[in-house]
Every structure is written in C-alpha cells, then in structure tokens.
Amino acid sequence: MGPAGRGWGRQGLCLLKRRLLLWKLVAVVFAALLFCEFLIYYFVIFRCGWPEVAAPARGGEQVPVLRAMVLADTHLLGELQGHWLDKLRREWQMERAFQTALWVLQPEVIFILGDVFDEGKWSSPQAWADDVGRFQKIFRHPAHVQLKVVAGNHDIGFHYWMSSYTVKRFEKAFSSERLFSWKGVNVAMEGDGCNICAAAEAELLEISHRLNCSQEVRDSGSCGAGQWLPPSAPILLQHYPLYRASDANCSGPDAAPPGERSIPFKERYDVLSREASQKLLWWFRPRLVLSGHTHSACEVLHGARTPELSVPSFSWRNRNNPSFIMASLTSRDYALSKCFLPQEDTVLATYCGVAGLLAVLVLAHSERLALPFLSSWMVLRTHRAR
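The notes below deal with the structure included here.

Criteria and thresholds
Residues numbered from 1 in each chain as written. Predicted model: local features only at pLDDT ≥ 70, side-chain atom pairs only at ≥ 80, totals over all residues. Heavy atoms only, no water. Disulfide = S-S within 2.5 Å. Helix = DSSP H or I, 4+ residues; strand = E, 2+ residues; numbered from the N terminus. Buried < 20%, exposed > 50% of the residue type's maximum accessible area, 1.4 Å probe, protein only. Contact = heavy atoms within 4.5 Å. Patch = residues over 30% accessible without salt bridge, like charges linked within 9 Å, V, L, I, M, F, W, Y side chains within 5 Å. Areas by Shrake-Rupley, 256 points an atom, 1.4 Å probe, with all protein chains shown as cover. Salt bridge = Lys/Arg side-chain N within 4 Å of Asp/Glu carboxyl O. Pairing = 2+ DSSP bridges. Axes fitted to C-alpha atoms, helices over the stretch in contact; angles between N-to-C directions. Expected span 1.5 Å × (residues − 1). Arc of directions from axis to C-beta. Parallel < 35°, antiparallel > 145°, perpendicular 65-115°, else oblique. Left-handed = near helix turned anticlockwise from the far one by under 90°. Nonpolar A, V, L, I, M, F, W, Y, C, P; charged D, E, K, R; others polar. Lys, Arg positive; Asp, Glu negative; His and termini not counted. Polar contact = N/O pair within 3.5 Å; in protein donor to acceptor, adjacent residues only side chain to side chain. Core = buried A, V, L, I, M, F, W, Y, C linked by side-chain atoms within 4.5 Å.

## Observations concerning the state of the cysteines
For the structure on display, the rule yields 2 disulfides. Between the sulfur atoms of Cys 48 and its disulfide partner Cys 339 the distance amounts to 2.0 Å. Looking down the S-S bond of the Cys 48 and Cys 339 bridge, the torsion is 80 degrees, so its handedness is right-handed. Taken together, the positions of Cys 48 in the loop between helix H1 (3-45) and strand S1 (57-58) and Cys 339 in strand S13 (residues 334-340) put the pair 291 residues apart, joining distant regions of the chain. Like Cys 339, Cys 48 is buried. Disulfide partner of Cys 250: Cys 298, at an S-S distance of 1.8 Å. The sign of the S-S torsion, about -65 degrees, decides the handedness of the disulfide formed by Cys 250 and Cys 298: left-handed. Here Cys 250 is found in the loop between strand S8 (235-238) and helix H7 (274-284), whereas its partner Cys 298 is found in strand S10 (residues 298-302), with 48 residues between them in sequence.

Below, the structure written as structure tokens:
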C-alpha cells in the first residue's frame, strides 16, 4: 500500500474513532436523562408501601380500608413570577412523581391541601384558565380515582384579602366540597380558615352537626331525619395548621431548618388563631388533623387526644426532599406513612458525575490522558531494564 493509501486509511480510522466517541457521548447523555428524569421516580417510589391498619371483621365481613394519598403546596407558577425554565422543570418533576405514584401505589382518593397555584389570588381570568389547564394535565388521574382539593391562601387570597369572585372560581374549577365520606370514613375539608365569614361558619356548624349526629343513636330527636353519615369520628383536612407557637418541637429530615424552627408563628398568617383552632376542635372532634401551608413536616398533639400532621410541600421549588402522605383509613382507625421523592441533590450530583465522565471520554479520545500514562510506563520499563 502506498503513502496515499496509508493516509486515507489513517483518515478513515480517525473518522471511525470520532463516530464511536460521538455514539458513546450520546449514549451516556441519553442514559443520564432517562435515569434522572424518568426511572429515578420508579426506583424511589417502589420503596414506599401502604401502612397496615387493624381492620377486624365485623359481622362476618372485613372492614373496608380506604387508601388515600395526601399532598400539599404544589405552587404551580403563574405568568408573573418565576422563570419559565423553573416553571418547566418543577412541573415536569411533579408530573412524573405524581403519575409514577398513581401507577405504583394505586390510591383510591387523593387530597391536595391547598396552595395548588402560586398566583391564584391575583391571576387574570385567562391566566387562571391556563393554570387550571396545566394542573389538570399534571395531576390527571383515572376516572375511578377521586381527587379532592382544599383552597389555600395562594389560590383565593388570605381571609382578609379574598373576594367572592376568587372563592367561586376556585369552587367551580375543583368542585370543592366541605364533606367527603367513603368506605365508612368521614373527611371534613376546611380551607383558608375564614372563621370571620358568617356564611362559612354557618356551613361548618352544619357539617359539625351532621358528623356529631352520625355517632349518636339513630332515633335521637335532636338530629332529625336527614341523611345519616357513617358513625365515624372525622378526619379534618385543611390548608392552615391549627394554632401552635412555632415549629420548635418539630423534628425529622423534612422538618423546618433548625434555624427557623424557633421563629414564632403569626396567628391568621402562619397558623390559625387560637379561637378558630378551638372552634374547629370543639365542633368536629376530629381523630386526626392533616394540614399544609408551612412547607415542612411537623407532628403536634392538641389537648390529649387530637394529633395533627403538617404535610411538607410536594414541590422541589420549596424543598430539596418533597414527600407525600400515604394513609390507610377505616371507620375506627388509621395508619400513616411518608413517601419521600427523589432529592434534588441526588439528581444534580448524578448530572455532575455524568459531565465528568463525558470530559474523561473526550480527553481520552484526544490522547491527553493516554500520554502521561504511556510516559510513566516507559520510565518504569527503563528503570527495570537497568
């Protein structure tokens, strides 16, 4: 073979190596995207399982168990605040996490504890319609799965700022209801804590009356002949936590940062007022309270018998380690467990590792890494020969 042929052969070999390098780089990038943007949600959520709850047989039949998924504070960004890339990223994360959880865990009902949107309190009619459409895409679910949404201050405004317009458009979009009953489980849903509103207070009192009557004798004259609810103490779902001074007694990997736990809460802003909290506990006598708003987890015992769990935010914009609650509910008992989602740090570390691997492949191809090793090997051989 002549010099010209050898030159063409070297060029062909060099071109083949470059193509192989390109395929390697594409394969590594594709594998990283597939893992970080899709598979990681399955790997993490597959480790979650429904908690076991005592469900003894009653009258020869097994007591039904309601499987509920509870999440809070999704804060879908609107048209005014937040970068478009941040919006795209966070919504993709929540969509993949939610859809994966639906497929893996197969809950029967999903509760979202308010602050579905970030700008609902002031968004225009067109922006509101766009936000609702994006919500319905992200949190789409089969027809046999029920989705119940509680109003939050970012959805309709704080109680001193809200209007009948924002409240009605939220109720129209989500078919909001105050009372939900299924499989013998009664769930009362209280949104923004607007205890100063006479209409809202009257409605809560009516629900309280129905719930209390459900646990009395059916022929009781004080309850009348209306539709009876199952005889079960209710579970209270709301956006605002009941009154507590701070998060000082909260702990766990998804609690507020240590430096923020001792900051006092403001009544009617961070938590409900003492008066509103006492009213709700007295009216409903709940066996469990689940709330959102703080974006962090906390477990509180009100009085001697009413536990409250604050559910952390479901959005990576608010937390590095979002999570949701898995609840197994019966008419008499309940069991809760927490399902953590992929941490943002893990995804970023994976991408950084992949970037380093890509750099190594490129440098190895350009023989910048091979030359130092080759030189060292030659020096070692020369030293041994002597």
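## Focus: the environment of Leu 102
As for its placement among the helices and strands, Leu 102 is situated in helix H2 (residues 84-105). Owing to a relative accessible area of 10%, Leu 102 belongs among the buried residues under this scheme. Look past the residues within four positions of Leu 102 in its chain and what remains in contact with it is Pro 107, Ile 110, Arg 140, His 141, Pro 142 and Val 145.

## Concerning the environment of Phe 117
Mapped onto the elements, Phe 117 comes out in the loop between strand S4 (109-112) and helix H3 (125-138). Once the C-alpha coordinates of Phe 117 and Leu 77 are considered, the two residues, 40 residues apart in sequence, prove to be 6.4 Å apart. The contact partners of Phe 117, leaving out residues within four places of it in the chain, are His 75, Leu 76, Trp 128, Asp 131, Val 132, Phe 135, His 154, Asp 155 and Phe 174.

## Points about a nonpolar patch on the surface
A cluster of nonpolar side chains, Phe 30, Leu 34, Phe 38, Leu 39 and Phe 43, forms an exposed patch at the surface whose accessible area comes to about 460 Å². Residue Phe 30 is classed as exposed on the basis of its relative accessible area, which comes to 54%.

## Structural notes on the sheet that holds strand S3 (residues 66-71)
Spatially, the 5 strands line up as an open sheet ordered S5-S4-S3-S12-S13, and their pairing is mixed. Where the open sheet ends on each side, the last strands, each with one partner, are strand S5 (146-149) and S13. Adjacent strand axes in the sheet meet at a mean angle of 20 degrees, parallel and antiparallel pairs treated alike. As defined by bridge partners, strand S12 (residues 323-329) adjoins S13 across 7 bridges and the pair is classed as antiparallel. Paired with Phe 324 across the bridge in S13 is Cys 339.

## Observations regarding helix H8 (residues 344-365)
Taking 1.5 Å per residue as the helical rise, H8 with its 22 residues ought to reach 32 Å, and the 32 Å between its terminal C-alpha atoms agrees with that figure. Listing the buried residues of H8 in full gives Glu 344, Val 347 and Val 354. Across the axial projection of H8, the buried residues extend over an arc of 95 degrees, all falling on one side. Exposed side chains of H8 directed beyond 90 degrees from the buried face belong to Ala 349 and Cys 352.

## Focus: the packing of H3 against helix H5 (residues 164-174)
Interaxial distance between H3 and H5 falls to 12 Å at its minimum, and their mutual angle equals 30 degrees. Considering their axes alone, H3 and H5 lie roughly parallel with respect to each other. Crossing angle aside, the handedness with which H3 passes H5 is right-handed. Every residue of H5 that contacts H3 at Pro 125, Trp 128, Val 132 and Phe 135 is listed here: Tyr 165, Arg 169, Phe 170, Ala 173 and Phe 174. A per-class count over the contact of H3 with H5 returns 8 nonpolar, no polar and 1 charged.

## A closer look at the side chain of Arg 319
As for its position among the elements, Arg 319 is in the loop between strand S11 (306-310) and S12. For the buried Arg 319, no salt bridge is present, and the opposite-charge side chain at shortest range is Asp 254, 5.7 Å distant. Within the structure, Arg 319 has its side chain in polar contact with the backbone oxygen of Asp 254 (distance 3.3 Å). A polar atom in the side chain of Arg 319 sits 3.2 Å from the side chain of Ser 296. Discounting residues that sit within four places of it in the chain, Arg 319 has contacts with Pro 253, Asp 254, Ala 255, His 295, Ser 296, Pro 312 and Ser 313.

## What about the packing of H2 against H3?
Relative orientation and spacing of two packed helices are given, respectively, by the angle between their axes and the distance between those axes. Between H2 and H3, the shortest axis-to-axis distance is 9 Å and the interhelical angle comes to 40 degrees. Contacts from Lys 87, Glu 91, Met 94, Glu 95, Phe 98 and Gln 99 of H2 reach H3 at Arg 134, Lys 137 and Ile 138.

## Concerning the nonpolar core
Membership of the largest hydrophobic core comes to 42 residues, with the highest contact counts inside it found for Phe 135 and Phe 324. If one sorts the elements of this core by residue count, H2 sits on top with 7 residues. Beyond its immediate chain neighbours, meaning those up to four positions away, Phe 135 contacts Leu 76, Ile 112, Val 116, Phe 117, Leu 147, Val 149 and Phe 174. Judged by nonpolar contacts, the second largest core, of 21 residues, contains Leu 66, Ala 72, Leu 113 and Leu 237.

## Some remarks on the side chain of Asn 186
Tracing the sequence through the fold places Asn 186 in strand S7 (residues 185-190). In terms of polar contacts, Asn 186 uses its side chain to reach the backbone carbonyl oxygen of Ser 232, at 3.0 Å.

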